[in-house]
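Overview (structure and organization)
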Amino acid sequence: MTDPVLEVRGLTKRFGALVVSDAIDLSLNPGEIHALIGPNGAGKTTLIAQVCGMLAPDAGRIRLKGQDVTALPARARARRGLARTFQISALAMEDTVLQNAMLGALGAAATPWRLFRPVLQDAALRATAEAALSRVGLLDKAAVRTAELSHGERRQLEVAVALTLKPAAFVMDEPMAGLGAEGGQKMTALLDQLRHEAPILLVEHDMDAVFALADRISVLVYGRVIASGPPDAIRADAAVREAYLGDAA
Ligand SMILES: Nc1ncnc2c1ncn2[C@@H]1O[C@H](COP(=O)(O)OP(=O)(O)OP(=O)(O)O)[C@@H](O)[C@H]1O
C-alpha cells in the first residue's frame, strides 16, 4: 500500500467542556480527494486549523509525507508542501493576475538573495507562475488587474498561487462557496484534475460537488468521525443519514 501524504492520528481538541475534535484519525492518500463533511458546528474548521498549524491540538499527531509536523507552525508546514486555499484570500487586488502568481512562486522559492533582484523579471519564476495559470485556465488573463476578475476567477487564481508552491497536499476550505452554477462546474472540473497533482482534503457544504468528486468521505458529527468510506457507502450509511444527510442523499 502507498503511504498517506497526510496522516492524522488521535487528534483531540477541547474548548472548555466541549470536545471539538474527539480522537480523530484521518488520512489523505496520493491521488485522492478526501472530503470532510458534517453539520454546522461539527468541528470541520477546527480540525482543518489544527492540520494546517493555526491551532495546537491537545493531543494527537499530524504527519506530512511521513514526518511529524504537529509542533510546526503553519508557515513551516506550508513550506513542506501543505497548501491551504480559500479560507484566507491573500490576493493583491491592484496587481495583475501574473504578478499575484509570481509572488506566490517567489514565496515557494524563498531565498533571501532573491529579494534584491527585480523579481518580476525573473524568467524561472515567471515560467512557474505561467504554468500554474495555464493549469487553472487563467493564462489569457495574465495581464488583467486582479480586481477585475470575477469571483470564480479569483478562486481559480488562488488555486494557481497554491500550485506555484508545488504542493504535496491541498487543504481546501469550501472552494464552491459563493460560486454560481457555472463557476461551480468549472471549479469541480479543476479539482477533478488537480487531485493528480496533489491529493486534496476538501471541506465542502455543496453535497453535489462532494459526491461528484470525492474518492472518500469522512463524516464529522460533534467532533467525532462517525463514518468514513467511498461515496456510495456513505450515502447508504444509516447513521450518516440520521445524523446529517437526511433526504439530501
Ligand atoms: N475558539 C473557540 N472557542 C470556543 N469554542 C469554539 C472555538 N472555535 C470553535 N468553537 C466551537 O467548536 C465547535 C466546532 O466549530 P467549527 O467551526 O470547527 O465547526 P464547523 O464544522 O467548521 O462548522 P461550520 O460548518 O459552521 O463552519 C462549535 O460548537 C464552535 O462554537
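Predicted model, so just to flag it, every value in this text is computed and none were measured.

Moving on, we come to the site of the ligand. All residues adjacent to the ligand are F15, L18, V20, G38, N40, G41, A42, G43, K44, T45 and T46. For the shell around the ligand, the secondary structure elements donating two or more residues are β2 (18-28) and α1 (44-52). It is α1 that contributes the most residues to the shell around the ligand, three residues altogether. Residues belonging to the shell around the ligand are distributed by class as follows: four nonpolar, six polar and one charged.

Another aspect to go through is the packing of helix α5 (residues 151-164) against helix α6 (residues 181-194). At a closest axis distance of 10 Å, the pairing of α5 and α6 adopts a crossing angle of 15 degrees. Between α5 and α6, the interaxial angle falls into the category roughly parallel. Seen along the crossing, α5 lies across α6 with a hand that is right-handed. Here α5 contributes H151, G152, R155, Q156 and V159 to the contact with α6, which in turn contributes G183, K186, M187 and L190. Considered class by class, the residues forming the contact of α5 with α6 number three nonpolar, four polar and two charged.

Glancing now at the nonpolar core. Side chains that are nonpolar tend, in soluble globular proteins, to be buried together. Judged by nonpolar contacts, the single largest core of 65 residues is most densely connected at A101, A160, F170 and V219. With six residues, the top contributor of residues to this core is α5. Three or more residues apiece are contributed to this core by two domains, here domain 1 (1-81 + 167-249) and domain 2 (92-166). Excluding residues that lie within four positions of it along the chain, A160 makes contacts with A101, A132, L133, R135, V136 and L138.

Our next topic: unusual backbone geometry. Despite not being glycine, A23 shows a phi value in the positive range, around 50 degrees. With respect to the helices, strands and loops of the structure, A23 is situated in strand β2. According to the C-beta neighbour criterion, A23 is partly exposed, with 14 such atoms within 10 Å. A positive phi angle is found at K65, which is not glycine, with a value near 50 degrees. Of note, K65 is situated in the loop between β4 (59-64) and β5 (67-68). Owing to 15 C-beta atoms within 10 Å, K65 belongs among the partly exposed residues under this scheme.

Each assigned domain of the protein is listed here: domain 1 (1-81 + 167-249) and domain 2 (92-166). Taking the mean C-alpha position of each, domain 1 and domain 2 sit 26 Å from one another. Listed as interface residues are 11 residues of domain 1 and, on the opposing side, 10 residues of domain 2. With four residues, α6 is the single largest residue contributor to the side of domain 1 that touches domain 2. The residue inventory of the side of domain 1 that touches domain 2, partitioned by class, reads seven nonpolar, two polar and two charged.

Let us now look at the sheet that holds β5. A sheet is described by the order of its strands in space; here four strands give the open sequence β2-β1-β4-β5, paired in antiparallel fashion. Of all strands in the sheet, those with a lone pairing partner are β2 and β5, marking the two edges. On the sheet, α1 packs against β1 (6-15), β2 and β4 and is oriented at approximately 60 degrees with respect to β2.

So, about helix α4 (residues 123-136). With 14 residues, α4 should reach 20 Å at 1.5 Å per residue; the first-to-last C-alpha distance of 20 Å fits that figure. If you check which residues of α4 are buried, you get L125, T128, A129, A132, L133 and V136. The buried side chains of α4 occupy one side of the element, clustering within an arc of 130 degrees when seen end-on. Facing away from the buried side of α4, by more than 90 degrees, are the exposed residues A123, A124 and A127.

Conventions we followed
Residues numbered from 1 in each chain as written. Predicted model: local features only at pLDDT ≥ 70, side-chain atom pairs only at ≥ 80, totals over all residues. Near = placed C-beta within 6 Å. Helix = DSSP H or I, 4+ residues; strand = E, 2+ residues; numbered from the N terminus. Nonpolar A, V, L, I, M, F, W, Y, C, P; charged D, E, K, R; others polar. Axes fitted to C-alpha atoms, helices over the stretch in contact; angles between N-to-C directions. Parallel < 35°, antiparallel > 145°, perpendicular 65-115°, else oblique. Left-handed = near helix turned anticlockwise from the far one by under 90°. Contact = placed C-beta atoms within 7 Å. Core = buried A, V, L, I, M, F, W, Y, C linked by C-beta atoms within 7 Å. Buried ≥ 20, exposed ≤ 12 C-beta atoms within 10 Å, placed from the backbone. Domains from an automatic or database assignment. Pairing = 2+ DSSP bridges. Expected span 1.5 Å × (residues − 1). Arc of directions from axis to C-beta.

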